[in-house]
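# Overview (structure and organization)
Residue strings, one per chain:
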Amino acid sequence: MREISLHLLDIAENSVAAQSHRVCIEVHENLQSDLLTASVTDDGRGMNEETAKQVLDPFYTTRTTRKVGLGIPLLKLAAEMAEGGLSLVTESGKGTKVEAVFRHSHIDRMPLGDLAVTFLTLLVSYPHIHWVFIYQITDRDGQNTNFNFDDVELKEALGDMSMTEPDILRFVRGIFEEGIQSLAYQTVN
């Protein structure tokens with residue numbers, strides 16, 4: 001995985017597999033403190049202390065389709081290569097939070113990637129999950145701009161309609177793309 005957004009997708013899919021009902025993905029580009037923070041928080045089954053330690057081992061996985069679990073260890077390595085780190089906070093029966101921090105301007109920091117596609121993919125692939133997406137940029141003067149998306153209103157408005165209908169997909173993709181692009185535009189100007 002060469003983009004942070006793909007790591008977020010992988011971790012969010014782990015959250016779905018952990019029987020989460022609500023998953024929150026947050027990305028914060030703090031240009032004032034030169035940090036990029038990306039996190040996934042869920043209310044799934046969580047992990048005990050032993051399993052939490054094993055998750056950081058690339059040769060551990062709970063999947064039966066392969067013998068290694070590289071997602072979190074690779075994200076941890078990528079964060080450390082960009083003068084950051086990874087934290088894993090979890091409690092059995094209460095959920096998990098995975099947070100990666102990178103020095104924003106570090107030459108080895110992987111690109112953020114396409115957050116809009118990542119958000120849309122998760123929303124459409126797992127409609128039974130309550131998704132919350134938060135993207136925040138803090139400019140060099142300390143001013144915050146945010147794009148927040150909570151899928152509750154959209155799902156209520158759609159009722160029985162499928163999110164995979166082409167018109168609905170275009171509409172939701174537009175919400176994500178416009179929200180994220182307007183944030184980036186505001187901080188550049």
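Above this text sits the structure in question.
Anyway, here's the lowdown on the structure attached to this text. In this text, all values refer to a predicted model and were calculated from it rather than measured experimentally.

Only one face of strand β6 (residues 144–150) is buried: it carries Thr145, Phe147 and Phe149, and the other face, with Asn144, Asn146, Asn148 and Asp150, is open. Where strand β5 (residues 130–138) meets β6, seven bridges bridge the pair, whose relative direction is antiparallel. In the strand pairing of β6, Thr138 is matched with Asn144. Counted between consecutive antiparallel strands, the loop separating β5 from β6 contains five residues, among which Gly142 sits at a positive phi close to 90 degrees.

Within the structure shown, the criterion is met by nine salt bridges. For Lys76, the salt bridge is made with Glu80, and the minimal N-O distance between the two is 2.8 Å. Linking Lys76 with Glu80, this pair stays in helix α3 (residues 71–81), spanning four residues, or about one helical turn. Each of Asp34, Glu83 and Arg103 takes part in one network of salt bridges that share partners.

Attention shifts here to the pairing of strand β1 (residues 22–30). Relative to β5, β1 runs parallel, the two sharing nine bridges. Pairing of Val23 across the sheet is with Trp131, part of β5. For β1 and strand β2 (residues 35–42), the ladder comprises eight bridges, and the chain directions are antiparallel. Residue pairing in the sheet places Val23 in a bridge with Asp42 of β2. The turn linking β1 back onto β2 is made up of four residues, and Asp34 within it adopts a positive phi angle of 60 degrees.

Attention now goes to the packing of helix α1 (residues 4–17) against α3. Running from N to C, α1 and α3 point in directions that differ by 145 degrees, and their axes come no closer than 10 Å. When the axes of α1 and α3 are compared, the crossing they make is left-handed. Along its contact with α1, which presents His7, Asp10 and Ile11, the element α3 presents Gly71, Ile72, Leu74 and Leu75. Class assignment of the residues belonging to the contact of α1 with α3 gives a composition of four nonpolar, two polar and one charged.

Soluble globular proteins tend to bury their nonpolar side chains together. Formed by 48 residues in total, the largest nonpolar core has its most connected members in Ile25, Phe102, Trp131, Tyr135 and Phe176. Residues within four places of Trp131 in sequence aside, it is in contact with Ala12, Val16, Val23, Ile25, Leu122, Leu123, Tyr126, Phe149, Asp150, Asp151 and Lys155.

Across the sheet, six strands lie side by side as β3-β4-β2-β1-β5-β6; this open sheet has mixed pairing. Looking at the sheet topology across the chains shown, the edges are occupied by β3 (85–91) and β6. The mean inter-strand angle of the sheet, taken between neighbouring strand axes irrespective of direction, is 10 degrees. Contacts from helix α4 (residues 115–125) reach β1, β5 and β6 within the one sheet, and its direction differs from that of β5 by about 165 degrees.

Reading the values: the criteria
- Residues numbered from 1 in each chain as written.
- Predicted model: local features only at pLDDT ≥ 70, side-chain atom pairs only at ≥ 80, totals over all residues.
- Heavy atoms only, no water.
- Buried < 20%, exposed > 50% of the residue type's maximum accessible area, 1.4 Å probe, protein only.
- Helix = DSSP H or I, 4+ residues; strand = E, 2+ residues; numbered from the N terminus.
- Pairing = 2+ DSSP bridges.
- Salt bridge = Lys/Arg side-chain N within 4 Å of Asp/Glu carboxyl O.
- Axes fitted to C-alpha atoms, helices over the stretch in contact; angles between N-to-C directions.
- Left-handed = near helix turned anticlockwise from the far one by under 90°.
- Contact = heavy atoms within 4.5 Å.
- Nonpolar A, V, L, I, M, F, W, Y, C, P; charged D, E, K, R; others polar.
- Core = buried A, V, L, I, M, F, W, Y, C linked by side-chain atoms within 4.5 Å.

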